[in-house]
Amino acid sequence: AQSVTQPDIHITVSEGASLELRCNYSYGATPYLFWYVQSPGQGLQLLLKYFSGDTLVQGIKGFEAEFKRSQSSFNLRKPSVHWSDAAEYFCAVGPGGNDYKLSFGAGTTVTVRA
Amino acid sequence: GAGVSQTPSNKVTEKGKYVELRCDPISGHTALYWYRQSLGQGPEFLIYFQGTGAADDSGLPNDRFFAVRPEGSVSTLKIQRTERGDSAVYLCASSGGAGELFFGEGSRLTVL
């Protein structure tokens, strides 16, 4: 069975500071990993994905994530947050290929203070 | 359309009533997914269509839930005899197979 744990329910960060969101997964094969962002009243938007290759993945809006197989982790980072980054962030794992039966974590809410 | 469209955006119903939620995927996307997001949780998989057929319906919680996609485009999620526990945001997503799921804004269902 596949599962995702996001240990931090809520993170508050100052504008301009760095941000790291943790994600741990459990999966029996090579995982396909995703980070999505959900702003209030908006649909889920894909930030980045990891399928294979380079373990450091660049995404949209200045985000990046690093896949660490030994730690079963796929943490999301941004060097300098903007007020518009306040949102809920979801990590997800799936079987890959054209199968998007994803398992999502419970999400981390990010608050940005001025 | 430009994105995945879901209607209604909000639906309030009474316990025991029947509800239909509609999803209009991105034109040309053959794969369509339904997820359910309860308060404070991440989305949970319900059902997946490839074309007109349900390729995987293992996430449907019970037989009160049913979904169709008769022409391989628009899909309808149907919930019979609604219960208060069905209250959630129902998300639809579609994919053209290029490595990304595109989500709609969801239909918020409230069962009183």
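Scroll up for the structure.
Residues numbered from 1 in each chain as written. Chains lettered and ligands numbered in written order. Predicted model: local features only at pLDDT ≥ 70, side-chain atom pairs only at ≥ 80, totals over all residues. Heavy atoms only, no water.

A. How the structure looks around the overall build of chain A. Scanning chain A for helices and strands turns up zero helices and twelve strands. Taken from the N to the C terminus, the helices and strands of chain A come in the order β-β-β-β-β-β-β-β-β-β-β-β. A globule of 114 residues ought to have a C-alpha radius of gyration of about 13 Å, and chain A, at 13 Å, matches this closely. Structurally, chain A occupies a C-alpha span of about 40 × 30 × 25 Å along its principal axes. A separation threshold of at least 6 residues defines the contact pool for chain A, and within that pool the share at least 24 residues apart is 55%. (Helix = DSSP H or I, 4+ residues; strand = E, 2+ residues; numbered from the N terminus. Rg over C-alpha atoms; globule rule 2.2 N^0.38 Å. Contact = heavy atoms within 4.5 Å.)

B. Region of interest: the sheet that holds strand 7 (residues 65-68) of chain B. All names here are of chain B. In spatial order, the strands read 1-3-8-7; together these four strands make up an open sheet with antiparallel pairing. Edge positions in the sheet fall to strand 1 (5-7) and strand 7, since each of these pairs with one other strand and no more. Across the sheet, the axes of successive neighbouring strands diverge by a mean angle of 15 degrees, strand direction being ignored. For strand 7 and strand 8 (residues 75-79), the ladder comprises four bridges, and the chain directions are antiparallel. Across the sheet, residue V68 finds its bridge partner in strand 8, namely T76. (Pairing = 2+ DSSP bridges. Axes fitted to C-alpha atoms, helices over the stretch in contact; angles between N-to-C directions.)

C. Region of interest: the interface of chain B and chain A. Taken together, the contacts link 21 residues of chain B with 19 residues of chain A. At the boundary of chain B with chain A, total buried surface from both sides reaches about 1500 Å², with 53% on carbon and sulfur atoms. Among the residues chain B hides against chain A, the three largest losses belong to P43(B), G99(B) and F103(B). Together they make up 28% of the total. Inspection of the chain B/chain A interface yields one salt bridge. In this structure, D56(B) engages K101(A) in a salt bridge whose closest nitrogen and oxygen atoms are separated by 3.1 Å. Connecting chain B to chain A are four residue pairs in polar contact (both at pLDDT 80 or more). Contributions of two or more residues to the side of chain B that touches chain A are made by strand 4 (31-37), strand 5 (44-50) and strand 9 (88-95) of chain B. When residues in the side of chain B that touches chain A are grouped by element, the largest group, three residues, is from strand 4 of chain B. The class makeup of the residues in the side of chain B that touches chain A is nine nonpolar, nine polar and three charged. (Buried area = accessible area lost by both parts, 1.4 Å probe. Salt bridge = Lys/Arg side-chain N within 4 Å of Asp/Glu carboxyl O. Polar contact = N/O pair within 3.5 Å; in protein donor to acceptor, adjacent residues only side chain to side chain. Nonpolar A, V, L, I, M, F, W, Y, C, P; charged D, E, K, R; others polar.)

D. How the structure looks around the state of the cysteines. Residue and element names in this part refer to chain A. Per the counting criterion, the structure on display carries two disulfides over all chains. A sulfur-sulfur distance of 1.9 Å marks the disulfide that ties C23 to C91. Disulfide C23-C91: the torsion about the S-S bond is -65 degrees, which places it as left-handed. With C23 in the loop between strand 3 (19-21) and strand 4 (24-26) and C91 in strand 10 (residues 87-94), this residue pair connects regions lying 68 residues apart in the sequence. (Disulfide = S-S within 2.5 Å.)

E. Up close: the pairing of strand 9 (residues 73-78) of chain A. All names here are of chain A. Most of strand 9 is tucked away: five of the six residues are buried. Alignment of strand 3 against strand 9, held across three bridges, turns out to be antiparallel. Each bridged residue has a counterpart across the sheet, and for E20 the counterpart in strand 9 is R77. If you look at the hairpin formed by strand 8 (residues 64-68) and strand 9, you'll find four residues sitting between the two strands, and S72 has a positive phi there, around 50 degrees. (Buried < 20%, exposed > 50% of the residue type's maximum accessible area, 1.4 Å probe, protein only.)

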